[in-house]
Amino acid sequence: MQNNQYSSRWVVCPASASQAPLRLFCFPYAGGGASIFRDWPAHLSSLAEICPIQLPGRENRLKEAPVTQMHVLIESVASALLPYMDDKPFALFGHSMGALFCYELARFLWKKYALSPACLFASGCRAPHRQSIYLNASQKRVCDLSDAALMEWMRKLNGTSQAILQDNELMKLLLPVVRADFTLAETYSYIEDGALDCPLSVFGGIQDEEIKRDDLFAWLELTSGQSAVRMLPGDHFFLQSSQHLLLNAVRHDLMSLA
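None of the values given here were measured: they were computed from a predicted structure. (Residues numbered from 1 in each chain as written. Predicted model: local features only at pLDDT ≥ 70, side-chain atom pairs only at ≥ 80, totals over all residues. Heavy atoms only, no water.)

Along the backbone of the protein chain there are ten helices and six strands. Its C-alpha atoms put the protein chain at 45 × 40 × 35 Å along the principal axes. Looking at the protein chain as a whole, 53% of its 258 residues are labelled buried. Taking the contacts inside the protein chain whose residues are at least 6 apart along the sequence as the reference set, 80% of them involve residues at least 24 apart. Side chains of the protein chain carry 22 positive and 26 negative charges; the gap between the two charge centres is 2 Å. (Helix = DSSP H or I, 4+ residues; strand = E, 2+ residues; numbered from the N terminus. Buried < 20%, exposed > 50% of the residue type's maximum accessible area, 1.4 Å probe, protein only. Contact = heavy atoms within 4.5 Å. Lys, Arg positive; Asp, Glu negative; His and termini not counted. Charge placed at Lys NZ, Arg CZ, Asp CG, Glu CD.)

In structure tokens form, the structure reads like this:
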């Protein structure tokens, strides 16, 4: 692996798992940072080097402007990840917006570099060809909501703690990132360009009111590889509430790749 200062801004890889047979690049949900995957190495390091992706505008990249266009972000991330793909296989995991990004990244990597993930994990996200604008009761795009309405939307999704939602200074930093991420997701347009050929593992929350079962099973139409859908207890953020079950499922699939 040819690591460099540029890519290290994007990729957080623990050195302790450097001998793992595969790298798992993990992409966060809207507004999330690399730290949401901080517990994953302890559970999966024997099978995969867990490499969370740090997008601009959050955590240690707080002073950087978040990206609002899918193709711009895809090209930047792909360039940063290439040095990490020359010595071992890789897989992609994304939750919500992160899953949509993973899908487009996989297509870009294959089309431009003939690189394909050993597996794509899509969590808490409707299939790309079934994406529709996230609407609330007033029929506005989430990215166009007022700050107050956007905070209420975040509260409804149940992925942000009350302590953070009630911290005005912190919310001043977080809201522009969430808004930018929803802009990226809500301006996304699916273009049909053939199916992937990698295995595809899809996860959904049983109590998720935003993503329906049909939206999850539609992912299976997008690959010619082995695929499966698993439903886990929890709402849209089952990634947190059912983390143990999710990690067990990911572990199972990673073992099947060995």
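Continuing now.
A word on the nonpolar core. By size, the foremost hydrophobic cluster in this structure holds 85 residues, and its most contacted members are Leu-24, Phe-25, Phe-27, Trp-40, Phe-93, Leu-105 and Trp-219. Ignoring sequence-local partners within four residues, the contact set of Trp-219 consists of Ala-99, Tyr-103, Ala-122, Cys-125, Arg-126, Ala-127, Pro-128, Leu-200 and Val-202. (Core = buried A, V, L, I, M, F, W, Y, C linked by side-chain atoms within 4.5 Å.)

With that settled, consider the pairing of strand E3 (residues 90-95). Most of E3 sits inside the fold, with six of its six residues counted as buried. Alternating residues of E3 divide into Phe-90, Leu-92 and Gly-94 and Ala-91, Phe-93 and His-95, and every residue in both groups is buried. Sheet topology places strand E1 (residues 23-27) next to E3; five bridges connect them, and they run parallel. Bridge pairing links Arg-23 to Phe-90 in E3. What joins E3 to strand E4 (residues 120-123) is helix H4 (residues 97-113), and the crossover it makes is right-handed. (Pairing = 2+ DSSP bridges. Right-handed = clockwise from strand over helix to strand, strands pointing away.)

Evaluated as defined, the whole model comprises 16 salt bridges. The partner of Glu-104 in a salt bridge is Arg-107, with the nearest N and O atoms 3.0 Å apart. With Glu-104 and Arg-107 both in helix H4 and three residues apart, the pair spans about one turn of that helix. Note on accessibility: Glu-104 and Arg-107 belong to one class, buried. With its nearest N and O atoms 2.9 Å apart, the salt bridge here joins Glu-152 to Arg-155. Separated by three residues within a single helix, Glu-152 and Arg-155 lie in helix H5 (residues 147-157), roughly one turn from each other. Three or more residues joined by partner-sharing salt bridges are found here, namely Arg-23, Glu-49, Asp-87 and Lys-88. (Salt bridge = Lys/Arg side-chain N within 4 Å of Asp/Glu carboxyl O.)

In this section: H5. Every buried residue of H5 is accounted for by Leu-150, Met-151, Trp-153, Met-154 and Leu-157. The buried residues of H5 occupy one face: seen down the axis, they fall within an arc of 155°. For H5, the elements touching its buried residues are helix H6 (162-165) and helix H7 (168-186). Where H5 ends, the next residue or the one after it, Asn-158, has phi of about 70°, a positive value. (Arc of directions from axis to C-beta.)

Burial along strand E2 (residues 49-52) is two-sided: the face carrying Glu-49 and Cys-51 and the face carrying Ile-50 and Pro-52 are both buried. With four bridges joining them, E1 and E2 adopt parallel strand pairing. Of the residues in E2, the one forming a bridge with Leu-24 is Ile-50.

Bringing the state of the cysteines into the picture now. Here, the word disulfide means a covalent bond between the sulfur atoms of two cysteines. For the structure shown, the criterion picks out zero disulfides. Free cysteine: Cys-26, not disulfide-bonded; nearest cysteine sulfur from Cys-51 at 7.7 Å. Looking at Cys-102, it has no disulfide partner, and the nearest cysteine sulfur is the one in Cys-26, 8.2 Å off. Classification of Cys-102 by relative accessible area gives buried; the value is 0%. (Disulfide = S-S within 2.5 Å.)

In this section: the sheet that holds E1. Strands sit in the order E2-E1-E3-E4-E5-E6 across an open sheet of six strands; the sheet is parallel. The open sheet has two edge strands, E2 and strand E6 (227-232), and neither has a second partner. The sheet shows a mean angle of 15° between the axes of neighbouring strands, taken without regard to direction. Pairing analysis gives four bridges linking E3 to E4, with the strands arranged parallel. By the bridge assignment for E4, Phe-93 is matched with Phe-121. Across the face of the sheet, H4 comes into contact with E1, E3 and E4 while running at roughly 150° to E3. Packed on one face of the sheet, helix H10 (residues 243-257) meets E1, E3, E4, strand E5 (200-205) and E6 and runs near 165° to E6. (Axes fitted to C-alpha atoms, helices over the stretch in contact; angles between N-to-C directions.)

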